[in-house]
Amino acid sequence: MYLNRIVLLFVVLSVFFDNNILAQTITFSKKEITVLTDQASQYLKETNFSKSLEISKMALHEAILANDFSSIAISYNTIAANYAELAQFEKAIFFYNKSLINAQKIEFDTLTNKIYNNLGNIYCFEKKQYLKGIAYYQNSLKYSQKIADKNQIFMTKLNITWAYFDIKNFEKGYDSLKYINNNKSKKGDDSSFAAISMLNAMYYAHEGNNEKANAFFLKAIKLGNETDQKSDLSFAHLEYSKFLIGNGDFKNGYLNLSKYNEITDALYSKDKIDQANSVGVNLELEDYKREIDKFEAEKKANLILLGKSKTILFLFLAISVILLLLIYSLFKNNNLKKKSNADLSHSNKQLLIAIEKEEVASKLKSQFVSTVSHELRTPLYGVVGITNILAEEHKELANSPYLSSLKFSARYLLSLVNDILQINKIEDKRIVLENLTFNLLDEIDLVKNSLSFLAKQNNNGIVVNIDPDIPDYLIGDKLRFSQIIMNLVSNALKFTSNGEVSISANLIKIVQKTYFIAFIIADNGIGIAVEDQENIFDKFVQIRRKETDYQGTGLGLSIVKQLLELFDSSISVDSSINKGSIFKFVIGFEYNPEKTIDIINSIQVNLSNSPNTVNVLVVEDNRINQLVTKKTIEKNNFKCSVVDNGYAAIEILEKEYFDIILMDINMPLINGFDTTRKIRSKGIITPIVALTAFDKAEITEEAISAGINDIIMKPFDAIKLVDMITILISKN
């Protein structure tokens, strides 16, 4: 489509980088990478999208290894242009922006200029957002004037004329038309003459000069047939058909419309598009993997510094006091529960009363779990958040033993709460397995890395062995699978000292598209007596537990057993005292490349690095939680405002615009549900996310009825919150 308007970069300015940038050891030279980028651009020009994407993928890989920002920017630009030609415009915009970021890092003005032009083309002619597209054209003109690129000024003026004529604003487009008519002999080339003639024909048709309009349309078609710019020829036939039909010449109008369809079909055959899509998916997978690897590398780098601080000691003591208060609260609530159970036991003499009491007890248990969850999660949100803020703002303390102990204690207490909630959800049959694409090795490595602190405590090693016959990408509930592995490995690490825990995965059979994989978690720890092995999967059971012995609730293995039942699987154990334990189970995961591609294509792109500022309103009454949430929002380059209650939120929304609202539910004066209802009654459609310590399942129905768009529980994953914000903003 309008290939003359999609600007491609065929020549890389070799003098753009000095020799210091290339002083690193690389596998490909600058010249070799340039050959690849030129080949990719040429294949795109020939509409061989599959080859263009494949070569661009190679060039991008080598450019990243070489830290060659100019070639990275060029490769992303070519990838984006391929997607634009394949009518996958959201992906094209995404990769154009990635190219723009790399080009601006090194002030690559030539490419920056052309990217703005290409974005203008997409927003004007594909997304029909003409004002936004013309704004991109204006940016392109600024860069063209800065680098004195008169040819690019000419092409951008041509695109602006076309955009204004498309929306029938011939008055604004006429100034640009005069410019290209006056300069076509100097700046234009054979590839643009057909488009210029077509634009003149459209203008004269608007003015009612049908004779001149007809002559220019015929000239545009003649010039289009003489050059290789068949996309411009197709548009000339399309506009000419509109002109003829508007003047009553339906026969010739239909013939020109047929010619337009014939040329378009030849340019974009289904085979080319299918091949390109296949290459494009692999390219996107590598790009996502690179982003994940980059994040992990940054995460590890932040854990290098050593040091101590009186501030950490003070905070540790303060958190200890909070934990004691929480334990007291748990003890008090537990006494209430015991009293309720005693009353229930006393009433079991009559069957009908027993049934009624059992139902009451079930409701009380759910209310108890909900209350404890909310009361614990609210301060835990502050504990976890402030700990992370402290680690980020005082990097010299990142490896302090006090800070590590504090983080471990907070995570441990949170895991206890999560274990109780998990059991409650499973018993109430509120868990349904999801189907997501995931990499088995990546998920196991994440578990291994997250348990590294626990492994170091007991001087243990973790070994991973994955069968190479297992496909890279499977489909299943990766969250529940990770919970199973996490519980089994953490349990093995707790009961092993100066030893080793191994995680093995072996493909045992394939039934149609289901790959059955056997998992083995083995350790050489203290082992389990034969008489105790039948009881270890029961709730609240801890074998040989002493007052100063291993911590925990005794829920881990019970959760594992019940989660495996959701996977239609079971677990077995083989153990001997002082020799270790071996846990075995089999899960069948689906392997379906086509379905995997569909799932990946449905993934929303995170726009948190977008140059447009996102304005977030936080409605939260807890001062500590206000601080944590504000820091999390601003760390992701968003603007954040905070109010203490629902009435203050309504007042500020009447004066100021926000892109999204994060709403606490349990607040004084007016709760989050009623606040949302009042906001919606005023016609405000800003997306609202409930940021709450309540269990999501308990409040979903009322949240939807109140007008809340989504829910995220405290303590939350910052990345998940940012993804949710960007998705809701893009939908809005």
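Our subject is the structure listed above.
Note that the structure is a prediction, hence the values are computed from the model and not measured.

**Here we look at the overall build of the protein**
Consideration 1: The helix and strand inventory of the protein stands at 26 helices and 12 strands.
Consideration 2: Taking all 732 residues of the protein together, the buried fraction comes to 46%.
Consideration 3: Counted over contacts in the protein with a minimum sequence separation of 6, partners at least 24 positions apart contribute 69%.

**As for the nonpolar core**
Soluble globular proteins tend to pack their nonpolar side chains together in the buried interior.
Consideration 1: Trp-162, Met-198 and Leu-199 are the most contacted members of the largest nonpolar core, which has 39 residues in total.
Consideration 2: Contributions of two or more residues to this core are made by helix H5 (109–125), helix H6 (130–146), helix H7 (150–166), helix H8 (170–187), helix H9 (190–207), helix H10 (210–226), helix H11 (230–246) and helix H12 (250–267).
Consideration 3: For this core, the element with the most residues is H7, which contributes nine residues.
Consideration 4: In this view, Met-198 contacts Trp-162, Phe-217, Ala-220, Phe-235, Ala-236 and Glu-239; residues no more than four positions away in its chain are not counted.

**Regarding the environment of Glu-211**
Consideration 1: Mapped onto the secondary structure, Glu-211 falls in helix H10.
Consideration 2: Residue classification places Glu-211 among the exposed positions, given a relative accessible area of 68%.
Consideration 3: In this structure, the C-alpha to C-alpha distance between Glu-211 and Ala-201, residues 10 residues apart in sequence, is 9.5 Å.

**Some details on helix H3 (residues 69–85)**
Consideration 1: With 17 residues, H3 ought to run about 24 Å at 1.5 Å a step, and its terminal C-alpha atoms sit 24 Å apart, in line with that.
Consideration 2: Counting buried positions over the 17 residues of H3 gives 16, a clear majority of the element.
Consideration 3: Ala-87 sits one or two residues past H3 and shows a positive phi near 65°.

**With respect to the packing of aromatic side chains**
Consideration 1: All chains considered together, the criterion is met by 24 aromatic pairs.
Consideration 2: Seen from their ring centres, Phe-567 and Phe-589 are 6.2 Å apart, and the 75° between their planes marks the pair as edge-to-face. Here Phe-589 lies in strand E7 (residues 580–590) and Phe-567 lies in the loop between helix H20 (556–566) and strand E6 (571–576), a separation of 22 residues in the sequence. Just as Phe-567 is buried, Phe-589 falls in that class too.
Consideration 3: Taken together, the ring pairs connect Phe-165, Phe-170, Tyr-174, Tyr-203, Tyr-204 and Phe-216 into an aromatic cluster.
Consideration 4: For Lys-157, the ring lying beneath its charged end belongs to Tyr-179, and the centroid distance is 5.4 Å.
Consideration 5: Seen from the ring of Phe-516, Lys-509 lies directly overhead, with NZ or CZ sitting 4.8 Å from the centre.

**Some details on the sheet that holds strand E10 (residues 660–663)**
Consideration 1: Strand order in this open sheet of five strands is E9-E8-E10-E11-E12, and the pairing throughout is parallel. Strands at the two margins of the open sheet, each flanked by one partner only, are strand E9 (639–643) and strand E12 (710–713). Across the sheet, the mean angle separating the axes of adjacent strands is 25° when strand polarity is ignored.
Consideration 2: Running over the sheet, helix H22 (residues 623–635) touches strand E8 (615–619), E9, E10 and strand E11 (688–692) and is turned about 165° from E9.
Consideration 3: Together, E10, E11 and E12 form the strand contacts of helix H26 (residues 718–731), whose direction differs from that of E12 by roughly 170°.

**Overview of the pattern of salt bridges**
Consideration 1: In total, this model carries 13 salt bridges according to the counting rule given.
Consideration 2: Among the salt bridges present, the one from Arg-623 reaches Asp-644, with a minimum N-O distance of 3.2 Å. Residue Arg-623 is located in helix H22, and its partner Asp-644 is located in the loop between E9 and helix H23 (646–653); the two are separated by 21 residues in the primary sequence.
Consideration 3: Note on Asp-644: relative accessible area 30%, which makes it partly exposed.

**A word on the pairing of E11**
Consecutive residues of a regular strand have side chains that alternate between opposite faces of the sheet.
Consideration 1: In terms of residue burial, E11 counts as a mostly covered element, since five of its five residues are buried.
Consideration 2: Burial along E11 is two-sided: Ile-688, Ala-690 and Thr-692 and Val-689 and Leu-691, pointing in opposite directions, are all buried.
Consideration 3: Where E10 meets E11, three bridges bridge the pair, whose relative direction is parallel. Bridged to Met-663 within E11 is Ala-690.
Consideration 4: Handedness of the crossover joining E10 and E11 through helix H24 (residues 672–681) is recorded here as right-handed.
Consideration 5: Sheet analysis places E11 next to E12, joined by four bridges and oriented parallel. In the sheet register, Val-689 faces E12, and the bridge partner there is Asp-710.
Consideration 6: This β-α-β element, E11 to helix H25 (residues 696–706) to E12, shows right-handed connectivity.

Each value, and the rule that gives it
- Residues numbered from 1 in each chain as written.
- Predicted model: local features only at pLDDT ≥ 70, side-chain atom pairs only at ≥ 80, totals over all residues.
- Heavy atoms only, no water.
- Helix = DSSP H or I, 4+ residues; strand = E, 2+ residues; numbered from the N terminus.
- Buried < 20%, exposed > 50% of the residue type's maximum accessible area, 1.4 Å probe, protein only.
- Contact = heavy atoms within 4.5 Å.
- Core = buried A, V, L, I, M, F, W, Y, C linked by side-chain atoms within 4.5 Å.
- Expected span 1.5 Å × (residues − 1).
- Phe/Tyr/Trp six-rings, centres within 6.5 Å; stacked < 30°, edge-to-face > 60°.
- Lys NZ or Arg CZ within 6 Å of the ring centre and 35° of its normal.
- Pairing = 2+ DSSP bridges.
- Axes fitted to C-alpha atoms, helices over the stretch in contact; angles between N-to-C directions.
- Salt bridge = Lys/Arg side-chain N within 4 Å of Asp/Glu carboxyl O.
- Right-handed = clockwise from strand over helix to strand, strands pointing away.

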